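Okay, here's what each chain looks like letter by letter:
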Amino acid sequence: QHVRKTVETFDYKKGGLSLNRDGFHLSLNYGRYLAALTWCFVLIDKNITACSFVPPMPNTDLKILNQIKQAVYQYLSL
């Protein structure tokens, strides 16, 4: 929810991208990337801001992945 509120790209009510495929399941590129970063940070305490992984999905924007990464890190570092 933090990413939806802080990353303008995912403000679905204003025409932004959805983090879900069907209203419930995470989208294959951005939603799953967000979930993976969260698990990585919480379970194995990795520095997610240094993560260079890019999902092998068509139309995946690196700028958006970096926005997700920063928002997740900001929220989980509180």
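Residues numbered from 1 in each chain as written. Predicted model: local features only at pLDDT ≥ 70, side-chain atom pairs only at ≥ 80, totals over all residues. Heavy atoms only, no water.

Participant: Help me understand the nonpolar core in this model?
Facilitator: Looking at soluble globular proteins, one finds that nonpolar side chains tend to be buried together. Within the largest apolar cluster, 15 residues are counted, with the highest numbers of intra-cluster contacts made by Val-3, Phe-10, Tyr-30, Ile-68 and Val-72. Counting residues per element, the ones that place at least two in this core are helix H2 (30-44) and helix H3 (62-76). Apart from the residues lying within four places of it in its own chain, the contact partners of Val-72 are Val-3, Leu-34, Leu-37, Thr-38 and Ile-48. (Core = buried A, V, L, I, M, F, W, Y, C linked by side-chain atoms within 4.5 Å. Buried < 20%, exposed > 50% of the residue type's maximum accessible area, 1.4 Å probe, protein only. Helix = DSSP H or I, 4+ residues; strand = E, 2+ residues; numbered from the N terminus. Contact = heavy atoms within 4.5 Å.)

Participant: Looking at this structure, how should I read a nonpolar patch on the surface?
Facilitator: A surface patch of nonpolar side chains, about 470 Å² in accessible area, is lined by Trp-39, Val-42, Leu-43 and Ile-44. Here Leu-43 lies in helix H2. (Patch = residues over 30% accessible without salt bridge, like charges linked within 9 Å, V, L, I, M, F, W, Y side chains within 5 Å. Areas by Shrake-Rupley, 256 points an atom, 1.4 Å probe, with all protein chains shown as cover. Salt bridge = Lys/Arg side-chain N within 4 Å of Asp/Glu carboxyl O.)

Participant: Explanation requested: the layout of surface pockets in the structure shown.
Facilitator: A water-sized probe rolled over the atoms picks out the places where empty space is left. As a volume, the largest pocket reaches approximately 190 Å³. Lining the largest pocket are 13 residues, and of these Gln-1, His-2, Val-3, Leu-34 and Thr-38 lie nearest its centre. Looking at the lining of the largest pocket, the elements with two or more residues in it are helix H1 (2-6), H2 and H3. Looking at which element gives the most residues to the lining of the largest pocket, the answer is H3, with four residues. (1 Å grid on protein atoms, 1.4 Å probe; cavity = no way out; pocket = protein on both sides within 12 Å on 5 of 7 lines; lining within 4 Å. Points joined across faces, edges and corners; volume = space filled by probe spheres on them.)

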